[in-house]
Amino acid sequence: MQRNERLEAMQEAASVAFAPLRLTTEDFDFDGSIRYASAGGLLVADITGNPGGVWRPQRLITSTDSELYKFSLHLSGSCALGQDGRHAAINPGDLVVYDTTRPYGLVYGTAYRTVVVGVPRERLAGQASALRQAIARPTRTDGGLRRVVAGMLNGLAEDLDGTVTEGGTQLADALLSLLGKVFTGDAELADPRTSTRERVLAYCEANLGDPDLSVESIAQAHGVSARYLHKVFAGTGTTIAALIRTRRLQRIRDDLADPGQTTVPVAVIAARWGVLDPTHVSRLFRAAYGTSPMGYRRQLLR
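Residues numbered from 1 in each chain as written. Predicted model: local features only at pLDDT ≥ 70, side-chain atom pairs only at ≥ 80, totals over all residues. Heavy atoms only, no water.

Participant: What's the story with the pattern of salt bridges in this structure? I'm lost.
Facilitator: Opposite charge on two side chains permits pairing when their charged atoms draw close. Evaluation of the coordinates by the stated rule reveals 12 salt bridges. With its nearest N and O atoms 3.8 Å apart, the salt bridge here joins R132 to D84. Of this pair, R132 sits in helix α2 (residues 128-134) while D84 sits in the loop between β6 (79-83) and β7 (86-90), placing them 48 residues apart in sequence. Overall, the relative accessible area of 32% leaves D84 in the partly exposed class. (Salt bridge = Lys/Arg side-chain N within 4 Å of Asp/Glu carboxyl O. Helix = DSSP H or I, 4+ residues; strand = E, 2+ residues; numbered from the N terminus. Buried < 20%, exposed > 50% of the residue type's maximum accessible area, 1.4 Å probe, protein only.)

Take a look at the structure:
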């Protein structure tokens, strides 16, 4: 495979895994790889490459892209990251976060290896403000909880086909908890409302298939009032109902994109994620992604 073909193949794979981006290289003989697997709705990728750049310019960002926080543990090589007007040198052993909803760029001065975890932004909605402040601000992983996170990410990268797929939701929950503490601080996580938000988000994720999932049922399950739950999510830029709707649509979209489920009717997939009215799911899906569920499936098949 020629240099341009190898570069384009890796660019396409990275774009499919995370969100559309562009790769550049300084070496005529480009070499790089990306391996990834999912765990409980998170994406874990082990990435290597030659000197060059990774770019997500404004022109590539659309409303249908996956909205992710990308947590990157830099393992080797030199790197510079820029987002939101901030620029940082990333060294081996650094952990950093950036956001696919806004432009960013990474420049690698040498051959490199990095482990990247893609986390849907709604999974950390309760910590959005703190994470915005942490963007493009690397933290060392040479001690304490950060060392635990680095060890966990290294282990995942070494066994993508085993540990990630076997760990599932429990692994994802543990990783989210650790990353949240590293980037938002124990003080924020100790706040009662923040703690409640995290529990509610985890509960919603585990019960998306229940058609009766609602603010009232969630409040009852957590021993609080519906009014208190609304207060807990005030200021996050979203509501519990909107989070449930978004996550259900994303799960439906993921199943529609699964080659192993091409013969499963849309209504069956929607019901699996708690949406029992086919007309309702079609309307919601079109509003979110600009096409019907069947239209989305046909586009992928083409």
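That shown, we press on.
Participant: Teacher, can you tell me more about the pairing of strand β9 (residues 104-108) here?
Facilitator: The two faces of a sheet get side chains in turn, since along a regular strand they alternate between them. Burial analysis of β9 places 4 of its 5 residues in the buried class, which makes it a mostly covered element. Bridge analysis of strand β4 (residues 52-56) against β9 gives 5 bridges, and the strand direction is antiparallel. Among the inter-strand pairings, W55 is bridged to a residue of β9, identified as G105. The sheet contact formed by β6 and β9 spans 5 bridges and is antiparallel. Note on β9: the bridge partner recorded for L81 is L106. (Pairing = 2+ DSSP bridges.)

Participant: Would you explain the pairing of β6 in this entry?
Facilitator: Among the 5 residues that make up β6, 4 are buried, leaving the element largely enclosed by the rest of the structure. Judged from the 5 bridges that link them, β6 and β7 form a sheet pairing that is antiparallel. Along β7, the bridge assignment pairs G82 with H87. If you look at the hairpin formed by β6 and β7, you'll find 2 residues sitting between the two strands, and D84 has a positive phi there, around 55°.

Participant: What should I look at first to understand the side chain of T139 in this one?
Facilitator: By the element assignment, T139 lies in strand β11 (residues 139-140). One polar contact links T139 to R146, side chain to side chain, over a distance of 2.7 Å. Contact partners of T139, with chain neighbours within four places excluded, come to G93, D94, L95, R146, V182 and F183. (Polar contact = N/O pair within 3.5 Å; in protein donor to acceptor, adjacent residues only side chain to side chain. Contact = heavy atoms within 4.5 Å.)

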